[in-house]
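What follows is the residue order along each chain.
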Amino acid sequence: KQEVTQIPAALSVPEGENLVLNCSFTDSAIYNLQWFRQDPGKGLTSLLLIQSSQREQTSGRLNASLDKSSGRSTLYIAASQPGDSATYLCAGGWSNFGNEKLTFGTGTRLTIIP
Amino acid sequence: DAGVTQSPTHLIKTRGQQVTLRCSPKSGHDTVSWYQQALGQGPQFIFQYYEEEERQRGNFPDRFSGHQFPNYSSELNVNALLLGDSALYLCASSFEVNTEAFFGQGTRLTVV
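Some details on the nonpolar core
If you look at the biggest cluster of nonpolar residues, it comprises 23 residues, and the most contacted ones within it are Leu33, Trp35, Leu75, Ile77 and Tyr88 of chain A. Elements with a minimum of two residues in this core: strand E3 (19-25), strand E4 (32-38), strand E5 (44-51), strand E7 (62-67), strand E8 (72-77), strand E9 (86-93) and strand E11 (108-113) of chain A. In terms of residue count, the dominant contributor to this core is E3 of chain A (4 residues). One finds Ile46, Tyr49, Val78 and Leu109 of chain B within the second-largest nonpolar core, a separate group that totals 20 residues.

Take a look at the structure:
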């Protein structure tokens, strides 16, 4: 059974600092991993998708890595801003038969302190 | 280009009633998935539709059913509502293998 874990559940960081969010998964046969952002009461905004053949993806101040052998992914946020405050969710996909279900972690609630 | 759109945004229903939620996928997408997100939890997969058929289903009872139309839009139906069905219901769309999933803003369902 594939499971995704995100620790810590909450994180507070002063503005301007670089930070890393963690995501771990139980099955190394992962096919892809996606990071999302969720503002309170809102839907999910896709940040980055990493295919199993890739080790990292970058978008602006965000960089996500994937290490299948250790069952870990990290989301690195550079020069954090108050607008980065949100819950960050990671989700794994384990099937190569089309884009089937994503298994989510419970998220890390990030607060950037001005 | 409109992203994934869901309607309604909020809904209040009485226990035992039935509800229908709607989703229009992002332009060019042909696959729609539905998720349930309880407060403080990650989304849980309900089912996925592709070519108007249910392709995969999560661990949800038969009270949860769905449909996909020829224009790829989709409906989620929940019968005999329980208080525990109160949650944010999210729709996601995608296209082909291993492409990025895009989510709508969700429908907040409250069962009283």
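A word on the interface of chain A and chain B
Opposite the 23 residues of chain A that make contact, chain B presents 23 residues. Both sides of the chain A and chain B interface together cover about 1,900 Å² of buried area, and 48% of this is carbon and sulfur. At the boundary of chain A and chain B, one finds 0 salt bridges. On the surface where chain A and chain B come into contact, there are 5 residue pairs in polar contact (both at pLDDT 80 or more). For the side of chain A that touches chain B, the elements supplying multiple residues, two or more each, are E4 and E5 of chain A. Class assignment for the residues of the side of chain A that touches chain B results in 8 nonpolar, 12 polar and 3 charged.

Some points on the layout of surface pockets
Considering only enclosed or pocket space, the largest pocket measures out at about 410 Å³ in volume. In this structure, the largest pocket is lined by 23 residues; those nearest its centre are Gln38 and Thr87 of chain A together with Gln37, Gly40 and Gln41 of chain B. Those elements giving two or more residues to the lining of the largest pocket turn out to be E9 and E11 of chain A. With 4 residues, E11 of chain A is the largest single contributor of residues to the lining of the largest pocket. Classifying every residue of the lining of the largest pocket gives 8 nonpolar, 11 polar and 4 charged. Lining the second largest pocket are 14 residues, and of these Lys1, Lys101 and Thr103 of chain A together with Gln44 and Phe45 of chain B sit closest to its centre. Secondary structure elements with two or more residues in the lining of the second largest pocket: strand E10 (103-104) of chain A together with strand E5 (44-50) of chain B. Residue composition of the lining of the second largest pocket, grouped by class: 6 nonpolar, 5 polar and 3 charged.

Conventions we followed
Residues numbered from 1 in each chain as written. Chains lettered and ligands numbered in written order. Predicted model: local features only at pLDDT ≥ 70, side-chain atom pairs only at ≥ 80, totals over all residues. Heavy atoms only, no water. Core = buried A, V, L, I, M, F, W, Y, C linked by side-chain atoms within 4.5 Å. Buried < 20%, exposed > 50% of the residue type's maximum accessible area, 1.4 Å probe, protein only. Helix = DSSP H or I, 4+ residues; strand = E, 2+ residues; numbered from the N terminus. Contact = heavy atoms within 4.5 Å. Buried area = accessible area lost by both parts, 1.4 Å probe. Salt bridge = Lys/Arg side-chain N within 4 Å of Asp/Glu carboxyl O. Polar contact = N/O pair within 3.5 Å; in protein donor to acceptor, adjacent residues only side chain to side chain. Nonpolar A, V, L, I, M, F, W, Y, C, P; charged D, E, K, R; others polar. 1 Å grid on protein atoms, 1.4 Å probe; cavity = no way out; pocket = protein on both sides within 12 Å on 5 of 7 lines; lining within 4 Å. Points joined across faces, edges and corners; volume = space filled by probe spheres on them.

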